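Below, each chain spelled out in residue letters.
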Amino acid sequence: NAGVTQTPKFQVLKTGQSMTLQCAQDMNHNSMYWYRQDPGMGLRLIYYSASEGTTDKGEVPNGYNVSRLNKREFSLRLESAAPSQTSVYFCASAGFQPQHFGDGTRLSIL
Amino acid sequence: GQQVMQIPQYQHVQEGEDFTTYCNSSTTLSNIQWYKQRPGGHPVFLIQLVKSGEVKKQKRLTFQFGEAKKNSSLHITATQTTDVGTYFCAGPSSNAGGTSYGKLTFGQGTILTVHP
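About the criteria used
- Residues numbered from 1 in each chain as written.
- Chains lettered and ligands numbered in written order.
- Predicted model: local features only at pLDDT ≥ 70, side-chain atom pairs only at ≥ 80, totals over all residues.
- Heavy atoms only, no water.
- Pairing = 2+ DSSP bridges.
- Helix = DSSP H or I, 4+ residues; strand = E, 2+ residues; numbered from the N terminus.
- Axes fitted to C-alpha atoms, helices over the stretch in contact; angles between N-to-C directions.
- Contact = heavy atoms within 4.5 Å.
- Buried area = accessible area lost by both parts, 1.4 Å probe.
- Nonpolar A, V, L, I, M, F, W, Y, C, P; charged D, E, K, R; others polar.
- Phe/Tyr/Trp six-rings, centres within 6.5 Å; stacked < 30°, edge-to-face > 60°.
- Buried < 20%, exposed > 50% of the residue type's maximum accessible area, 1.4 Å probe, protein only.
- Polar contact = N/O pair within 3.5 Å; in protein donor to acceptor, adjacent residues only side chain to side chain.
- Core = buried A, V, L, I, M, F, W, Y, C linked by side-chain atoms within 4.5 Å.

Draft legend 1. Geometry of the sheet that holds strand β6 (residues 55–58) of chain B. Residue and element names in this part refer to chain B. Across the sheet, five strands lie side by side as β1-β3-β8-β7-β6; this open sheet has antiparallel pairing. The open sheet has two edge strands, β1 (4–7) and β6, and neither has a second partner. Strand-to-strand twist across the sheet, computed as the mean angle between neighbouring axes with direction ignored, equals 15°. Both β6 and strand β7 (residues 61–65) contribute to a ladder of four bridges, which runs antiparallel. Within the sheet, the bridge partner assigned to K56 lies in β7 and is F63.

Dropping the structure here:
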């Protein structure tokens, strides 16, 4: 049972570069979420998708864009990476409750 | 907006000692969830509490939901090294229209270290 799969697991970027974080779930969940985790700040919601074809901003959306490609896939894009975006990024999915998380992407921006 | 606060931020215990983390919400919650994240891992759901005053147990873990549904606690009896990790509480967060779409507001987490 794969659950929620995130790629890549690690990435190092230079300031100004762009990249897309991929997330796919095989649990037929309607809702998907992107979080960032920074020391001492818990998990902060970046964007979410309540269902296929819809996306909405979370608590910290600036500098990010998302695409809900289909029911399974929800990607997060950094158009012009900044050092402040160095973080661990988690994707999650949910039917009703609870949320199921992927293994995370550890992203460093130099 | 809604805030969920957790204390303490860190807790160091000797193996066998008890541990408690507390969670407080700025708003009344329809439910509260608890997650555990092992070092280097991802958050994993532990439990959901729904009723006012509810108490649930999972082996050595006891979860409580306050009478006013604004606070919660997780108590671990006789900690073991396998309990190491970060414990998060989370409550539903709603849009202006009152719909949560399953969104959660997480507390900052309590990092538990257990010394053998």
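After presenting the structure, the write-up continues.
Draft legend 2. The arrangement of the environment of B:Q9 in detail. Relative to the elements of secondary structure, B:Q9 occurs in the loop between β1 and β2 (10–14). For B:Q9 and B:L112, which are 103 residues apart along the polypeptide, the C-alpha to C-alpha distance reads 8.7 Å.

Draft legend 3. Structural view of the interface of chain B and chain A. Chain B puts 19 residues into the contact, and the matching count from chain A is 19 residues. Between chain B and chain A, a total of about 1600 Å² is buried, with carbon and sulfur atoms accounting for 56% of that surface. Taken together, the elements giving at least two residues each to the side of chain B that touches chain A come down to β4 (32–37), β5 (44–49) and β10 (104–106) of chain B. If one sorts the elements of the side of chain B that touches chain A by residue count, β4(B) sits on top with three residues. Here the residues of the side of chain B that touches chain A sort into seven nonpolar, 11 polar and one charged.

Draft legend 4. How the structure looks around the packing of aromatic side chains. Within this structure, the stated rule accounts for 12 aromatic pairs over all chains. Arranged with centres 6.3 Å apart and planes meeting at 85°, the rings of A:F90 and A:F101 form a pair that is edge-to-face. Of this pair, A:F90 sits in strand β9 (residues 87–94) while A:F101 sits in strand β10 (residues 100–101); the two residues are 11 residues apart in sequence, bridging distant segments of the chain. Like A:F101, A:F90 is buried. Their ring planes at 55° and their centres at 6.4 Å tell us that B:W34 and B:F63 sit as a pair that is tilted. Pair noted here: B:W34 is in strand β4 and B:F63 is in strand β7, with a separation of 29 residues, a long-range link. Feature note: the residues A:Y33, A:Y35, A:F90, A:F101, B:Y35, B:F45, B:F88 and B:F106 constitute an aromatic cluster, connected by ring pairs.

Draft legend 5. Unusual backbone geometry, seen in detail. Residues A:T7 and A:P8 are joined by a peptide bond in cis, for which omega reads -10°. Within the element layout of this structure, A:P8 appears in the loop between β1 (4–7) and β2 (10–13). Following B:I7, the chain continues to B:P8 via a peptide bond in cis, the omega torsion being -5°. Within the element layout of this structure, B:P8 appears in the loop between β1 and β2. For B:K69, which is not glycine, the phi dihedral falls at a positive 55°.

Draft legend 6. Quick look at the environment of A:Q25. Residue and element names in this part refer to chain A. Assignment of secondary structure puts Q25 in strand β3 (residues 19–25). On a C-alpha basis, the gap between Q25 and V4 in space is 4.4 Å, while along the polypeptide they are 21 residues apart. For Q25, the residues in contact, after removing those within four places along its chain, are G3, V4, M32, R68, K71, R72 and S93. Only 3.0 Å separates the side chain of Q25 from the backbone nitrogen of M27, close enough to count as a polar contact. In this structure the side chain of Q25 is engaged in a polar contact, spanning 2.9 Å, whose partner is the backbone oxygen of H29.

Draft legend 7. Spotlight on the nonpolar core. Grouped together as the largest cluster of nonpolar side chains are 20 residues, with contacts concentrated most on A:W34, A:I46, A:Y64, A:L76, A:Y89 and A:L107. Sorting the residues of this core by element identifies β3, β4 (31–37), β5 (43–49), β7 (64–68), β8 (74–78), β9 and β11 (105–109) of chain A as the ones contributing at least two each. Within the second largest apolar cluster, 19 residues are counted, among which are B:F19, B:L46, B:F63 and B:F65.

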